[in-house]
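Take a look at the letters that make up each chain.
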Amino acid sequence: MRAARHRIVSALAAVVALGALAAVAGCGASATAGRPAADGQPVRGGTLKFAVSGDPLCLDGHAISSGLNQFLGRIAYDTVTTLDRDGNPAPYLADSWTVSPDGKTYTFKLKPGVTFSDGTAWNAEAFKVNLEHMRDPKTKSPLAAAYIAPYKDSKVVDDRTLEVHLSYPYTPFTYVLAQSWLGVLSPKAIKESPQTLCAKPITTGPFEVESYHRNQSITYVKRKGYNWAPTWLNHTGEAYLDRIEVTIVPEAVVRFNALNSNQYDITDLVPPQNAKAVEANKDLTFENLTRTGHPNAIWFNTSRAPLNDLAVRRAVVAAVDVAAVAKSVGFGYFPVKDNYLASNSKYYDKTTEGILKYDVPLANQLLDQAGWTARDAQGYRTKAGKRLSLALPTVESATPSPQLVQIQGQLKSVGIDLRIEQLPQAQVTDRRYAGDYDLTSGYWHTNTTDVLYIRYSSAEISTSARIGQNASYLKDAKLDDLLLKARQTPDGPAAAKLYSAAQHRLIELVPALPLWEANAQWAYHKRLHGVAVDTSHPQPVLTGAWLASR
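The sections below set out a description of the structure shown in this document. Because the structure is predicted, anything quoted here is derived from the model rather than measured.

1. Topic: the sheet that holds strand β10 (residues 243-248)
The strand order across the open sheet formed by 7 strands is β8-β9-β10-β1-β11-β21-β12, and the pairing between neighbours is mixed. For this open sheet the edge positions go to β8 (207-213) and β12 (284-290), each flanked by a neighbour on one side alone. Sheet topology note: the strand β1 (residues 47-52)/β10 ladder contains 6 bridges and is parallel. When the bridges of β10 are listed, leucine 48 appears paired with isoleucine 244. Lying over the sheet, helix α2 (residues 69-76) contacts β1, β8, β9 (217-222) and β10, oriented at roughly 35 degrees with respect to β9.

Here you go:
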C-alpha cells in the first residue's frame, strides 16, 4: 500500500507546482577525477556530485511521472527509440522498425548484444514484458500507460523481432518510446521482484543504481561493458565517470550557493534571480532550454461552477497581467505565453498568438454579463448571495508562491477571490485526482504534440480505474475528434492542419490561464566536460561526461 501511495504522489510531480524559493544551510563536499586532461582528452574515473531539486519517490520510470526522471532516467535507463538531432524517431535499443499500411502493426528489429545489469538479455520477450508492465493496473502508471494507451498486444516473432499491435493508428508511438519514463527494465525483475523496482531498478543503461535513500540521495555506479549509446550522442563504450552521487536539495538558493562554492559539479533548476550571476561566472555553464509540450499554466476545472462558465474563464485570463508577473518572479527568464503549446513543439501554430490578452475592462464586462454583478463587504463579486471564489490547492511551504500571490491580487481587483490553500502533498494529490479544486497549476512536458490529447481529450479524465491527465476536466466533442484524428495521422501536412485546428479550438474553449514556457534551467562547472543535451528532454545526459581536475 505504501508503494502505491508513493507512485500516486509522484505522479503530481510532472505537473510542477509553482512554488516559492526558500533557503536553509548545509551541503556535502565534491570529489573530482583528480588529474588534469592537458591534451583535452576525456579523463576516465571520478565521482560526479549532482544536486537535484527533489525526490521522484520511486525510480521505476513506468510507475511515476516525476519531471526529475527527465534527467535521472537517462543515467540508468535506455529506451527502445531515440529522437535524432532533427527531432525524428531513430534507432536505440531497436535497430529498425516497419509500420503496416493500416498503421496498427509495428515490427521492431532489436539491437543484439544488449544486457540488463542482472545479466538478462535484451530481446523481443523483454520488450514485450516491458510493454505489459507499463499498462498493468498493478503498476499504477500515471504516464507510461497513457503514452502507450493504444497498445493492444505483442507477438514474439523471434529473439530479435517483436510485432506490436495497436488498437488504432498512433503516430506518436515511436516518439514516446524515446522518453525517459518508457526506459526498459529487466523482465526477470519485473516478473520475480516487482516490489524492488522503485528502490533499485535493474536496467540496461550506462550507470546502475547502487543505493537510494528517499529524500536524501541516489548513488549510481558505472555499468561495466556498456556499449550501446544512441548514435546522436557520439559516444562508444562505457561511461567515463565511475560514480554519480545525487543529493536531494529542495532549496533552490542552497543549490546555487553550493554550486558556486564547488560543493557540487552540476545542479538542476537554477533560481531565476541567480541566473544572471551564473551566466556571468566564467567557471560555470548555464543552460536555459524550452521544454516541448504544454507551457506553465493554471488549469481551470471546467466540470463545476463557476469555471464551467466560459465567460468566467475568459474573465480570469483577461484579468491577469502575466507579463508583469513573469517579469517580477522570472527576472527575464520566463518567456510569456498566451496559448497552450510550447513554441518549439512540432506543428506549433503562431496564429494562435495574441488572441488571449490582458484586458481588465473586458474581464469586468464578462463577469457582469455572467451575472456576477453584486459585491460583498470585501469587494468580491457575488451572485445569488454566493461569492465568486476559486480554490487552488498547492503544496505547503514557508510562504505562498509569489507568483500566485500576485495573481491573487490581480484577480481581487476585478472581484474574484482566489484562495491559495496550502496543504500536505498527499492531500493535494488526493484532491487533484478527485477533481476537488477549481484551479491547479503546473506544466506538462512531452516530446510530441500529442500532449494536447494527454491534457485535453475527455478520454484522459481520471477515473477509478485509471489515472488521467486532463486536469481541466474538459469535454468537447469537436476537440476530441480533432485530437484523436491527429494522433492517428502520419507526420505531414494533414497532421499539421489537424493540430492547428485543435490549438485554435483550445483558444476558443479557454481551459487554462497560460503563463510562460516551461524552461529547463540547469548549470554545471566547466571542469565537467562532455555534457550532452537530450533530444527528447532539454536536460543533461552524462554518458560521455568527464571531470578534469580543478
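That shown, we press on.
2. Considerations on unusual backbone geometry
With an omega dihedral of 5 degrees, the bond running from alanine 305 to proline 306 counts as a cis peptide bond. Tracing the backbone shows proline 306 in the loop between β13 (293-300) and α9 (310-319). One non-glycine residue, lysine 140, lies in the positive phi region at around 55 degrees. Summarising the element assignment, lysine 140 is placed in the loop between α3 (124-135) and α4 (144-147). Classification of lysine 140 as partly exposed rests on a relative accessible area of 37%. In this structure, leucine 269 is a non-glycine residue whose phi angle is positive, near 45 degrees. Tracing the backbone shows leucine 269 in the loop between β11 (266-267) and α8 (275-280). Since its relative accessible area comes to 39%, leucine 269 is described here as partly exposed.

3. Structural notes on the packing of helix α10 (residues 322-330) against helix α12 (residues 402-412)
When two helices pack together, their arrangement is given by the angle between the helix axes and by the axis-to-axis distance. Contact pair α10 / α12: the axes reach a minimum separation of 10 Å and the direction vectors enclose 150 degrees. Classified by the angle between their axes, α10 and α12 sit roughly antiparallel to one another. Where α10 crosses over α12, the handedness of that crossing is right-handed. Contact with α10, carried on its side by Ala324, Val325, Ser328 and Val329, involves Pro402, Gln403, Gln406, Ile407 and Gln410 of α12 and no other residues of that element. A breakdown of the residues in the contact of α10 with α12 according to their chemical character gives 5 nonpolar, 4 polar and no charged.

4. Looking at the packing of aromatic side chains
One pass over the structure, following the stated rule, counts 16 aromatic pairs. Judged by centre distance (5.9 Å) and plane angle (90 degrees), the rings of phenylalanine 286 and tyrosine 333 are edge-to-face. Taken together, the positions of phenylalanine 286 in strand β12 and tyrosine 333 in the loop between α10 and α11 (360-369) put the pair 47 residues apart, joining distant regions of the chain. By relative accessible area, which is 7% here, tyrosine 333 ends up buried. Residues tyrosine 340 and tyrosine 456 carry aromatic rings whose centres are separated by 6.2 Å and whose planes lie at 75 degrees to one another, so their mutual orientation is edge-to-face. Within this pair, whereas tyrosine 340 is found in the loop between α10 and α11, its partner tyrosine 456 is found in helix α14 (residues 451-456), the two being separated by 116 residues in sequence. Classification of tyrosine 456 as buried rests on a relative accessible area of 0%. An aromatic cluster of three or more residues is present, and its members are Trp97, Tyr106, Phe108, Phe116, Trp122, Phe127, Tyr170 and Phe173. For arginine 455, the ring lying beneath its charged end belongs to tryptophan 299, and the centroid distance is 4.0 Å. The ring of tyrosine 453 has arginine 487 lying over it, and the distance from NZ or CZ to the ring centre is 3.5 Å.

5. Overview of the nonpolar core
Within the largest apolar cluster, 144 residues are counted, with the highest numbers of intra-cluster contacts made by Phe108, Trp122, Tyr220 and Ile244. Setting aside residues no more than four positions away along its own chain, phenylalanine 108 makes contact with Val80, Ala94, Ser96, Trp97, Phe127, Arg160, Thr161, Leu162, Val164, Phe173, Thr174 and Leu177. The next biggest cluster of nonpolar side chains, apart from the first, holds 9 residues, and it includes Val270, Val278, Phe286 and Tyr333.

6. A look at the environment of leucine 162
Position of leucine 162 among the secondary structure elements: in strand β7 (residues 161-166). Residues leucine 162 and cysteine 58, spaced 104 residues apart in sequence, show a C-alpha to C-alpha distance of 29 Å.

7. Considerations on the pairing of β9
Among the 6 residues of β9, 6 are classified as buried, and the element is accordingly described as predominantly covered. Of the pairings in the sheet, the one linking β8 to β9 comprises 6 bridges and is antiparallel in character. Counted as the bridge partner of phenylalanine 207 is lysine 222 from β9. Two successive antiparallel strands, β8 and β9, enclose a turn made up of 3 residues, where asparagine 215 displays a positive phi of approximately 65 degrees. In the sheet, β9 pairs with β10 via 5 bridges, with the strands oriented antiparallel. Each bridged residue has a counterpart across the sheet, and for tyrosine 220 the counterpart in β10 is isoleucine 244.

What counts as what
Residues numbered from 1 in each chain as written. Predicted model: local features only at pLDDT ≥ 70, side-chain atom pairs only at ≥ 80, totals over all residues. Heavy atoms only, no water. Pairing = 2+ DSSP bridges. Helix = DSSP H or I, 4+ residues; strand = E, 2+ residues; numbered from the N terminus. Contact = heavy atoms within 4.5 Å. Axes fitted to C-alpha atoms, helices over the stretch in contact; angles between N-to-C directions. Buried < 20%, exposed > 50% of the residue type's maximum accessible area, 1.4 Å probe, protein only. Parallel < 35°, antiparallel > 145°, perpendicular 65-115°, else oblique. Left-handed = near helix turned anticlockwise from the far one by under 90°. Nonpolar A, V, L, I, M, F, W, Y, C, P; charged D, E, K, R; others polar. Phe/Tyr/Trp six-rings, centres within 6.5 Å; stacked < 30°, edge-to-face > 60°. Lys NZ or Arg CZ within 6 Å of the ring centre and 35° of its normal. Core = buried A, V, L, I, M, F, W, Y, C linked by side-chain atoms within 4.5 Å.

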